[in-house]
Amino acid sequence: MKNNTGYRIKYLRTTLNMTQSTLSEGIISVSYLSKIENGSVEPSEEVLELLNKRLNASPFLDRSIQQENKCIEFYNNLFRKEIDEAKKNYQQLQKNLEFLKFSDLFNLLEIHKLRYFIIIEDIHQAAEQYNKLQKLSNQFNPIQKYYWLKHSANFHFKELSFNRALEFYQEALIYISNDIESRNEEENDLYYSIGLTASHLRKKHLALEFANKSLKYYRNKYNLERAADCHIIIGISLSVMNEYEKSLENFQLALTIAKSIKDTSLYALCLQNIGKLYSIQNSSIKAIEYYLKSFEMRKNSPAVKRIIPISSLMKEYYNIDDIYHAEKWLDRGLELVQSLDQKDSIYVYEFKVYNHLIKGFDSSFEDLILKYVLPFFKEKQLYYEQYRYLKILATYYFDNRKYKLSATYFDQASDVLTNLINE
């Protein structure tokens with residue numbers, strides 16, 4: 001990659017309407033200046049000082065340093081999810097981009113904008129930025145490549161494309177080096193992200209490996225919130241392995257931390273997962289007890305959080321044939337999902353399907369499953385969800401005496417589950 005010094009000199013010279021002859025006179029030849037401006041050669045410190053003096057570059061360089069520091073501050077805001085501060089710094093950086101144009105931080109800023117748009121929930125802008133960066137990614141140096149891969153993984157995670165996210169996170173590991181600022185913190189954040197993504201994909205062994213790695217680090221650093229998050233990932237993975245007692249121990253450890261740091265969102269998440277653990281063990285009364293507690297804790301949360309215990313309560317009541325209560329939670333969910341984008345939430349389709357299961361089927365059910373639900377989960381590579389809805393469709397055909405179609409979809413469900421187990 002060409003150096004930025006020459007580009008900066010050319011920018012300042014043309015801004016001042018100065019010819020190459022005027023700038024180079026008495027310092028270097030015009031042809032040598034031309035090579036510097038084209039990035040073919042790097043000037044000596046003495047030559048650079050003389051050129052800067054003639055260009056009166058000091059004010060520009062001072063402002064550039066200020067903006068470079070602001071960039072680093074902005075990156076730290078994003079890492080720590082300090083949204084208000086990140087918004088202020090982003091606005092200031094946007095107004096002063098000319099002072100970063102010739103800095104190595106310019107590309108890094110563009111890469112971190114992807115993370116910024118994800119954090120502020122501007123997915124349209126995030127998608128545009130992702131596509132823009134993808135075209136430039138072959139030009140990135142190793143540090144830029146690391147952040148590009150990590151923030152791309154964040155983007156795919158947000159889009160529910162967990163397999164793609166996992167690929168990007170794991171590739172980012174290759175580019176971790178001592179040149180990365182706060183390497184240990186970055187590395188363990190990456191371990192945590194891999195563990196979290198693997199748990200969404202039910203890759204239990206991978207999730208356990210990386211969650212345990214990051215848990216050790218966060219314990220030593222007394223980062224209690226992130227340590228609790230690691231315990232939750234470990235608890236989920238152990239539940240998939242039918243290690244129910246150990247799973248509950250981890251959820252309870254996370255619950256204790258949530259209480260101690262008075263984090264209601266974390267507390268609600270712990271309750272939700274304990275409810276799920278009881279549900280897996282067919283202890284519906286206990287499951288409902290914890291789901292209701294989770295719902296109470298999330299009453300003032302965003303819709304994307306509130307919908308989770310509502311969905312769990314609807315399904316748990318449906319599973320025990322309590323249609324009255326199942327319908328009550330279904331109606332709450334149907335109202336709430338209107339504020340969610342079906343591209344971003346599995347719950348939009350889930351409530352549409354359960355509307356048929358609970359209130360009765362109509363002619364639109366097959367199209368809903370075959371044209372929308374199954375293609376959605378196939379595209380996102382969410383195989384466990386795909387398995388669930390294939391089973392629902394197969395059961396629907398069986399109940400309607402379409403035994404050949406039923407057998408076809410039971411076979412497909414079995415194949416998906418087998419592949420999932422063998423991963």
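As the structure is a prediction and not an experimental result, all values here were calculated from the model. Note that residues are indexed from 1 along each chain, following the sequence as it is written. Local features in a predicted model are, by the rule used here, given only for residues with pLDDT of at least 70; side-chain atom pairs are given and counted only at 80 or more, and totals for whole chains, interfaces and linings are based on all residues. Neither water nor hydrogens contribute to the side-chain values; these are computed over all heavy atoms in the structure.

K.L.:
Whenever I open this one, the environment of Tyr387 confuses me. Can you help?
P.N.:
Secondary structure counts use DSSP, requiring at least four H or I residues in a row for a helix and at least two E residues in a row for a strand, with both numbered from the N terminus. You can see Tyr387 is positioned in helix α21 (residues 383-399). Think of it in three bands: residues with accessible area under 20% of the maximum for their type are buried, residues over 50% are exposed, and the middle band is partly exposed, with areas taken using a 1.4 Å probe on protein chains only. The class of Tyr387 is buried, set by a relative accessible area of 14%. In this structure the C-alpha to C-alpha distance between Tyr387 and Val240, which are 147 residues apart in sequence, comes to 16 Å. Tyr387 has contacts with Ala413, Val416 and Leu417, leaving out every residue within four places of it along the chain. By the convention used here, residues are in contact when the closest approach between their heavy atoms is within 4.5 Å.

K.L.:
I would appreciate a short explanation of helix α16 (residues 284-297) in the present structure.
P.N.:
Every α-helix winds through 3.6 residues per turn, so residues three or four apart in the chain are directed the same way. Each helix should span, by expectation, one fewer than its residue count multiplied by 1.5 Å. Taking 1.5 Å of rise per residue, the 14 residues of α16 would be expected to cover 20 Å, and the 20 Å separating its terminal C-alpha atoms lies within 8% of that figure. Taken together, the buried positions of α16 are occupied by Ser284, Ala287, Ile288, Tyr290, Tyr291, Ser294 and Phe295. Its buried side turned inward, α16 meets α15 (264-280), α17 (303-319) and α18 (323-336).

K.L.:
What exactly am I supposed to notice about unusual backbone geometry here?
P.N.:
Note: most peptide bonds trans; most residues except glycine with negative phi. With a phi close to 55 degrees, Lys81 is a non-glycine residue in the positive phi region. Mapped onto the fold, Lys81 is located in the loop between α5 (58-79) and α6 (83-95). Positive phi is not limited to glycine here, since Tyr222 has a value of about 55 degrees. On the secondary structure map, Tyr222 appears in the loop between α12 (204-220) and α13 (224-240).

K.L.:
Got a minute to help me understand helix α14 (residues 244-260) in this structure?
P.N.:
Between the first and last C-alpha of α14 there are 24 Å, a value that for 17 residues agrees with the 24 Å anticipated at 1.5 Å per step. Of the surrounding secondary structure, the elements contacted by the buried residues of α14 are α13 and α15. Of the residues flanking the end of α14, it is Lys262, one or two places downstream, whose phi is positive at about 55 degrees.

K.L.:
Please clarify how the nonpolar core should be interpreted in this entry.
P.N.:
Side chains of nonpolar character tend, in soluble globular proteins, to be buried together. Formed by 112 residues in total, the largest nonpolar core has its most connected members in Phe74 and Val353. Tallying contributions element by element places helix α7 (residues 105-119) first for this core, with nine residues. Contacts of Val353, omitting those with residues within four sequence positions, involve Phe365, Leu368, Ile369, Val373, Tyr389 and Ile392. Counting residues in hydrophobic clusters, the runner-up holds 10 residues, among them Ile9, Leu12, Met18 and Val47. Remark: nonpolar core denotes a set of buried residues (Ala, Val, Leu, Ile, Met, Phe, Trp, Tyr, Cys) joined through side-chain atoms within 4.5 Å.

K.L.:
Is there a simple way to explain the packing of α17 against α18 in this structure?
P.N.:
Between two packed helices, the angle of one axis relative to the other and the distance separating the axes together describe the packing. With axes taken as lines fitted to C-alpha atoms, and helix axes fitted only over the stretch in contact, angles between N-to-C directions fall between 0 and 180 degrees. Between α17 and α18, the shortest axis-to-axis distance is 8 Å and the interhelical angle comes to 155 degrees. What the angle tells us is that α17 and α18 run roughly antiparallel. Note that α17 runs across α18; the crossing there is left-handed. Touching Ala303, Arg306, Ile307, Ile310, Leu313, Met314, Tyr317 and Tyr318 of α17 are Ile323, His325, Ala326, Trp329, Leu330, Arg332, Gly333 and Leu336, all from α18. For classification, angles of less than 35 degrees are called roughly parallel, those exceeding 145 degrees roughly antiparallel, those between 65 and 115 degrees roughly perpendicular, and all remaining angles oblique. Helix crossings get a hand from a simple test, with the near helix turned counterclockwise from the far one by less than a right angle marking a left-handed crossing and a clockwise turn marking a right-handed one.

K.L.:
Help me understand a nonpolar patch on the surface in this model?
P.N.:
Only residues whose relative accessible area exceeds 30% and that form no salt bridge enter a patch; like-charged residues are grouped when within 9 Å of one another, and nonpolar side chains (Val, Leu, Ile, Met, Phe, Trp, Tyr) when within 5 Å. In this description, accessible areas are obtained by the Shrake-Rupley approach with a 1.4 Å probe, and a residue is regarded as covered only by the protein chains that are shown. A pairing counts as a salt bridge when a side-chain nitrogen of Lys or Arg comes within 4 Å of a carboxyl oxygen of Asp or Glu. A cluster of nonpolar side chains, namely Phe398, Tyr403 and Phe410, defines an oily patch on the protein surface of about 310 Å² accessible area. Residue position: Phe398 is located in helix α21.

K.L.:
Which parts of the structure should I look at to understand the side chain of Ser193?
P.N.:
Turning to its location among the elements, Ser193 is positioned in helix α11 (residues 183-200). The class for Ser193 is buried, based on a relative accessible area of 10%. Engagement of the side chain of Ser193 in a polar contact is seen with the backbone oxygen of Asp189, the distance being 2.9 Å. We define a polar contact as two N or O atoms separated by no more than 3.5 Å, with the added condition that, inside protein, one atom must be a possible hydrogen donor and the other a possible acceptor, whereas residues neighbouring each other in sequence contribute only through side-chain atom pairs.

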